[in-house]
Amino acid sequence: MAHAPFDTWRVLELSNGIAVSYAAKMFADGGAEVVKFESAQGDSLRSRSAGGPPGALFEYLAAGKRSVNDPAAAAALLAGADIVLTDLTDGWTLGDITAHTGPSAVVVSVTPFGTAGPYVDDRVVANEFILQAMCGSTAGRGWPGDEPVQAGGQLGEWLAGSFAAAVAVAAARHSVRGGPGEVIDVSTYEAMAIAMGGLSAMSASVLGADSLLRQRSLELPSIVPTADGLVGFCTITAQQFQDFLVMIDRADLIDDADLASFTGRVERRDEFLSMVTQWTEARTTQEIVDLAVAFRIPVAPIGMPATLPTVDHFVERGVFVESELGVLQPRVPYRSAAIVTRAPGRPPLPGADNGRVQWPARPQGPKLADPDALPLSDIRVTDFTAFWAGPVATQFLGALGADVIKLEGVRRPDGMRFSAGRPPDWDQWWEWGPVFLCSNNNKRGISVELSTDAGRALALDLIGASDLVIENFSPRVMRHFGLQWDAVHAANPRAVMVRMPAFGLDGPWRDRVGFAQTMEQATGMAWMTGHADGPPVIPRGVCDPLAGLHAAFAAIAALVIRDREGIGLHVESTMVESALNVAAEMLLEHSRNGIRMCRRGNRGPGAMPQGLYRCQGEDEWIALAALTDAARTGLAGLLNQPDIGGDAARWAERVDEIDKLISAWTARRPAAEAVRALRAAQLAAARVTDASSLLSDPHLLARGFWESVDHPVVGEFLCTGMPFTFAGKPRRWIRRASPRYGQHTREVLAEVLGRGPDELARLRAAGATSDRPAGL
């Protein structure tokens, strides 16, 4: 039988934006009763438009929810809610909310900077665009010397909503089982600092501020025109780039040392791009995709509003479904034969459920033995994940208390150990990968060669002692090792297995290589990013954390069912479908209204004007967004154009002219001075900040966002923890540094499996474990 994980849960949503609305949607998808409490004006998303009739995005996010706008009902709804999700708009404060919630309620607020800290005290105003400039995302995107460009699609809002949903479901599972409620403060800025500026910040923290990862760049090769459209490549490894040269009939360049390095390709970009496009423009997109797949080069046709529903893989897997209104949208991004999710229904009319919501009484369960323990402290995880998406999922679970045991092969350890760290002439150079070090905290690491009989048996024994098994390989890998669902279920009938293949366990693309860049190209994220007169650009990075958070959410949803029904579950949570859910707006607008949304450079919804402007100094830029009539009036005064006034429509008529006026104004000023003047005039403004500068950001430091880690090889460095705090509890999410290779093999054998030194010696003799990767 299939079960809805949250069919007895009561969720109250108080929001006016994407983040909280998406978090609440994730609970509605799983069967929770979700009530939107709205002001008399209604959720601001109801009026959001891409140029046609408003409401396409609102309908997607609010489907299946109920709406109440009667102020007299607020107290009762708060008192009966299991989860309250809020962005603290419409005048709500945490004090207002917690004055009425019960002791077991989980209250999660999502705000730009959190509820406390210097930027809150200084009343810094910021929308998604400003936060991207502050978190290091914008500074790293674009050709050196050109205007940087934001990531399109308000990805930070979706990211913050995903974090909120994941921490809410973990805390709520704990409270349902007898634990206390929590008040959780989620910062969108901190979420974006982890996932959108994170790669460069990690590198700067571990390796120093001169790390190459902090340079602004576009990938080469990436998105290029074909005879009939656009195609995107991704060459992460040296072998992939060499294979790419062979594919485009330029094997003669394999020994070209300049082209072998990214820096060299940037210096010769015109030459390189001309060579690539000459080849791609002579072939159709499908011809190129077929060739690249044969070469095992990550590749994808560029997802566009009209073409997404026609992609063979999405069609065969039934990825898109119609809502009750007949609008095409992505389905829920996880699936299991044992989990039923809610079909997309209709959105509620404002106040449609006034006087009609009666929360059912919840029976009190037994109290936990240690109710103050971290929410997932009762869970052990066997972690087969590698690279970034999977480790994000298991690091999240570990931060919330799960005992995560990470398995790495002797022949093939986690590849992120070797990425962007130290050269092979360094002692223990495989311990220096910045992304590995910052996404595997709180885990115990063991060395297990699964291709050996002894290694496979050891893995099955560990699965037998675990609650959750997670892997993110292509489907053929676990099949090769004989560790598919039937073997896991036989070893532990109560285990939950979550599989995170890039494209899914079936379909035409199931065995393709897929990195985050490929997801961004295939799902429309790249289509929405870039300058209006230029090619699509990959946002770079966010798909991995998004996939990890969705997988963590799906894992906890499955554990909720396991707790209740006593059954094991097999769950598929793909990277591509989590990305499609987050990039849904362009498909929704095309399906509902026939609108072809496209990239707009640094402009965006909700602000007029909005853009990046060069200041005094070398490559110094500021981001500016006028969000209100008062802000526009203030800007008009600074520009000596008082006749423009504050009306957004008048500014839109003169937007190009005004851009020139702003550019002339900022060019005469240092960035810090320009930001101070703009903020004093009530505008949202910030310097376009390099990600390495986040390490000294006063707000992040004051909130305890950076946590000091002492690694036995690397030494002490600052690392990102989680982008949230639990009220009244110390903020310390990192309790154990990322493991050295095989560091905890002996410990896990003894403490978890009851094996002694003789067993360890036998495993080493059989090649089933080692204290260092093979071949180094």
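Residues numbered from 1 in each chain as written. Predicted model: local features only at pLDDT ≥ 70, side-chain atom pairs only at ≥ 80, totals over all residues. Heavy atoms only, no water.

Secondary structure assignment for the chain yields 31 helices and 24 strands. Scaling as 2.2 N^0.38, a compact globule of 776 residues should have a C-alpha radius of gyration of about 28 Å, and the chain matches this with 26 Å. Expressed along its principal axes, the backbone C-alpha trace of the chain runs to roughly 85 × 75 × 50 Å. Put simply, of all contacts in the chain between residues at least 6 apart along the chain, 75% involve residues at least 24 apart. Summed over all atoms, the accessible surface of the chain reaches about 28,000 Å², with 51% contributed by carbon and sulfur. Across the chain, the mean location of the 72 positive side-chain charges is 2 Å away from that of the 89 negative side-chain charges. (Helix = DSSP H or I, 4+ residues; strand = E, 2+ residues; numbered from the N terminus. Rg over C-alpha atoms; globule rule 2.2 N^0.38 Å. Contact = heavy atoms within 4.5 Å. Areas by Shrake-Rupley, 256 points an atom, 1.4 Å probe, with all protein chains shown as cover. Lys, Arg positive; Asp, Glu negative; His and termini not counted. Charge placed at Lys NZ, Arg CZ, Asp CG, Glu CD.)

Next up on the list: the sheet that holds strand 8 (residues 230-233). Ordered by their spatial adjacency, three strands build an open sheet running 7-8-9, and the pairing between neighbours is antiparallel. Only two strands of the sheet have a single neighbouring strand rather than two, namely strand 7 (223-225) and strand 9 (299-301). If you compare each strand with its neighbour and ignore which way they point, the axes differ by 25° on average. Across three bridges, strand 8 lies against strand 9 in antiparallel orientation. By the bridge assignment, Val-231 is partnered in strand 9 with Pro-301. Helix 14 (residues 285-294) contacts strand 8 and strand 9 of the sheet and is inclined by roughly 15° relative to strand 8. Along the sheet face, helix 21 (residues 516-523) touches strand 7, strand 8 and strand 9 and points at about 10° away from the line of strand 9. (Pairing = 2+ DSSP bridges. Axes fitted to C-alpha atoms, helices over the stretch in contact; angles between N-to-C directions.)

Let us look at the sheet that holds strand 5 (residues 106-111). Strand order in this open sheet of seven strands is 3-2-1-4-5-6-24, and the pairing throughout is mixed. Looking at strand neighbours, the two that pair on one side only are strand 3 (66-68) and strand 24 (724-726), the edges of this open sheet. Recorded for the sheet is a direction-independent mean angle of 20° between the axes of neighbouring strands. Bridge count between strand 1 (residues 10-14) and strand 2 (residues 33-37): four bridges; the pairing is parallel. Residue pairing across strands places Val-11 opposite Val-34, the latter belonging to strand 2. On top of the sheet, helix 8 (residues 188-195) reaches strand 5, strand 6 (182-187) and strand 24; it is set at about 60° to strand 6, its chief contact.

What follows deals with helix 18 (residues 453-464). When the terminal C-alpha atoms of helix 18 are compared, their 17 Å separation across twelve residues agrees well with the 16 Å that a helix rising 1.5 Å per residue should span. Listed as buried for helix 18 are Ala-454, Gly-455, Leu-458, Ala-459, Leu-460, Leu-462 and Ile-463. (Expected span 1.5 Å × (residues − 1). Buried < 20%, exposed > 50% of the residue type's maximum accessible area, 1.4 Å probe, protein only.)

Moving on to unusual backbone geometry. In this model, Leu-220 is joined to Pro-221 through a cis peptide bond whose omega is -5°. Here Met-608 and Pro-609 are connected by a cis peptide whose omega angle stands at 0°. With a phi angle near 55°, Asp-619 is a residue other than glycine that sits in the positive phi range. By the element assignment, Asp-619 lies in the loop between strand 19 (610-614) and strand 20 (621-625).

Turning our eyes to something else, we now look at the layout of surface pockets. Estimated volume of the second largest pocket: approximately 1,500 Å³. Along the walls of the second largest pocket sit 50 residues, with Asn-127, Glu-128, Gln-154, Glu-157 and Pro-605 positioned nearest its centre. Looking at the lining of the second largest pocket, the elements with two or more residues in it are helix 1 (18-29), strand 5, helix 5 (118-121) and helix 6 (128-134). (1 Å grid on protein atoms, 1.4 Å probe; cavity = no way out; pocket = protein on both sides within 12 Å on 5 of 7 lines; lining within 4 Å. Points joined across faces, edges and corners; volume = space filled by probe spheres on them.)

Segmenting the chain into domains produces domain 1 (235-297), domain 2 (380-522 + 738-766) and domain 3 (609-689). Between the C-alpha centres of domain 1 and domain 3 there is a distance of 41 Å. (Domains from an automatic or database assignment.)

So, on to the packing of aromatic side chains. What the rule picks out here adds up to 24 aromatic pairs. Look at Phe-387 and Phe-515: their rings are 6.2 Å apart centre to centre, the planes differ by 75°, and that puts the pair in the edge-to-face class. Within this pair, whereas Phe-387 is found in the loop between strand 13 (380-383) and helix 16 (389-399), its partner Phe-515 is found in the loop between strand 17 (496-499) and helix 21, the two being separated by 128 residues in sequence. Judged by relative accessible area, which is 40%, Phe-387 ranks as partly exposed. On the basis of relative accessible area, Phe-515 is assigned to the buried category, the value being 19%. Each residue in the set Phe-6, Trp-9, Phe-27, Tyr-334 and Phe-553 is aromatic and connected to the rest through ring pairs, giving one cluster. (Phe/Tyr/Trp six-rings, centres within 6.5 Å; stacked < 30°, edge-to-face > 60°.)

Here we take up the pattern of salt bridges. Using the criterion set out here, one finds 56 salt bridges in the structure. Ionic pairing is found between Lys-25 and Asp-29, a salt bridge with its closest N-O pair at 2.9 Å. One end of the pair, Lys-25, and the other, Asp-29, are both in helix 1, four residues apart, so they sit about a helical turn from each other. Taken individually, Lys-25 and Asp-29 each receive the classification buried, so the pair is uniform in this respect. Salt-bridge contacts for Arg-417 lead to Glu-431; the nearest nitrogen and oxygen are separated by 2.7 Å. Of this pair, Arg-417 sits in the loop between strand 14 (403-408) and helix 17 (434-439) while Glu-431 is found in the loop between strand 14 and helix 17, placing the two residues 14 residues apart along the sequence. Each member of the pair, Arg-417 as well as Glu-431, carries the same accessibility label: buried. Here the residues in one salt-bridge network are Arg-173, Arg-177, Asp-378, Asp-467, Arg-562 and Asp-563, joined through shared partners. (Salt bridge = Lys/Arg side-chain N within 4 Å of Asp/Glu carboxyl O.)

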